[in-house]
Structures are given as C-alpha cells and as structure tokens.
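The residues making up each chain are set out below.
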Amino acid sequence: VIYDTDNKSEILFKIYERINKFGKWDKKLVWKNTTHDILKNKKLIWCHDYGLLISSILRLFWIPTIMVETVWVDRALKYPDIKEYQWHVFLKIFIDNNWEILDSTTWEIISDIEGEFIRSEHFEDNQNWYFVICEWKDPKDYWVTDSQSLRNKMVEAIPTIKKLKVEKDTKKNIGNILN
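Below, the structure is looked at part by part.

Some remarks on the sheet that holds strand β5 (residues 98–103)
The strands making up a sheet associate through backbone hydrogen bonding, with each pair oriented either parallel or antiparallel. Read from one edge of the open sheet, 7 strands run β6-β5-β4-β3-β9-β8-β7, paired in antiparallel fashion. Taken across any chain shown, the strands that pair with only one partner, and hence form the sheet edges, are β6 (109–110) and β7 (113–114). Relative to strand β4 (residues 87–95), strand β3 (residues 65–72) runs antiparallel, the two sharing 7 bridges. In the sheet register, Val71 faces β4, and the bridge partner there is Trp87.

Examining the pairing of β5
Bridge analysis of β4 against β5 gives 6 bridges, and the strand direction is antiparallel. Within β5, the residue paired with Ile95 across the bridge is Asn98. Following β4, the chain reverses through 2 residues before pairing antiparallel with β5; Asp96 in that reversal takes a positive phi of roughly 55°. Both β5 and β6 contribute to a ladder of 2 bridges, which runs antiparallel. Bridge pairing in β6 links Leu102 to Ile109. Here β5 hands over to β6 after 5 residues, with Trp107 in that stretch at a positive phi of 65°.

Scoring rules and cut-offs
Within each chain, residues carry numbers counting from 1 in the order of the written sequence. Only residues with pLDDT of at least 70 get local features here, since the model is predicted, and only at 80 or more are side-chain atom pairs given and counted; chain-wide, interface and lining totals rely on the full set of residues. Note that water and hydrogens are dropped before the side-chain values are worked out from all heavy atoms of the structure. When DSSP finds two or more bridges between a pair of strands, those strands are recorded as paired. Under the scheme used here, helices are H or I runs from DSSP no shorter than 4 residues and strands are E runs no shorter than 2 residues, and both carry numbers assigned from the N terminus.

In structure tokens, the structure reads:
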C-alpha cells in the first residue's frame, strides 16, 4: 500500500519497490507504450517507460514531475561520424521543497549538474555528461516515437552543446589554474 504515508521520500521508495518487480518488454516497443500499457502488462523497457510510469504515478501523489530527455554529449559531438547515440530520460521531481534530478532507471538522485548538463555516475564510460534536449511537464505531451525524432532534436542542439561545452571546459580550466 502506497497511500498510508504523506512522506514523499517513502512514497518514492514504495513506488520503486513495486515497479522493480515488473518484467521487460520486447525492444521493438520502445517509445510505443502508454502508462496504461505498462500498468496492464507490468512490463518496462529502457528509461522512457520508467520515466513515463514514474512521472505519471508521482503526479497522482501531487509530486510535481517533469520528464527530461537528454543526449550523451560525447556521442552527440561526434555526429555524423557515428551511427549510435545514447539518450536517457531523467526526471525533475519536486521533493522536500527542492527540485531534484532523478535517474529514471537507477533512482539515483543526481547532484552533478552544470546548467543544461547532467552527469550520471552509473554509466561506465568517463564521458557520462548528458545534455538536456527537451522537457515535458505533462507525460501525455511526450512526442518521441522513434530514434529519428530524437536524432533530429539532437542535431538541432549540437551547436548549443558545442558552445556550452567550450564555456564549461574553459571555466573548469581557469578554476584549475587558479587553485
């Protein structure tokens, strides 16, 4: 039972316990499932389904939640020389009077944020910075239906990613010189 508490952190934990028991979908269904499909079949695939389900449930408990679609900076900057890109859905949740970034698959609260860049530790590669390419305040407005729609959004964002990455690296280098 999730309804027996007003503690939002406890609600998050109970949701996590419950959905962690769900099975996995066929990968062909990524970006195709609705919250209804996920609950009916008790199956999830990748961060999109996790983000969609979690944001929908949290909203039922009046916890403001925003789905955040990101692209892996290292791969985006190699466009068009590589074919595979890495996307990830994070969630912005308002809990304990703060906006926090939650990894939709690991439930890790992300604290390493620099502007539009989010750094997630659970990815093995050292280049684990993600860039926010879009946000959805309402899960029903989520427009991603395939990898091409995400690739198009990433291509639009590449000039901004390059500019901001240079600024971020410059600030870091200046900080290292001064210390």
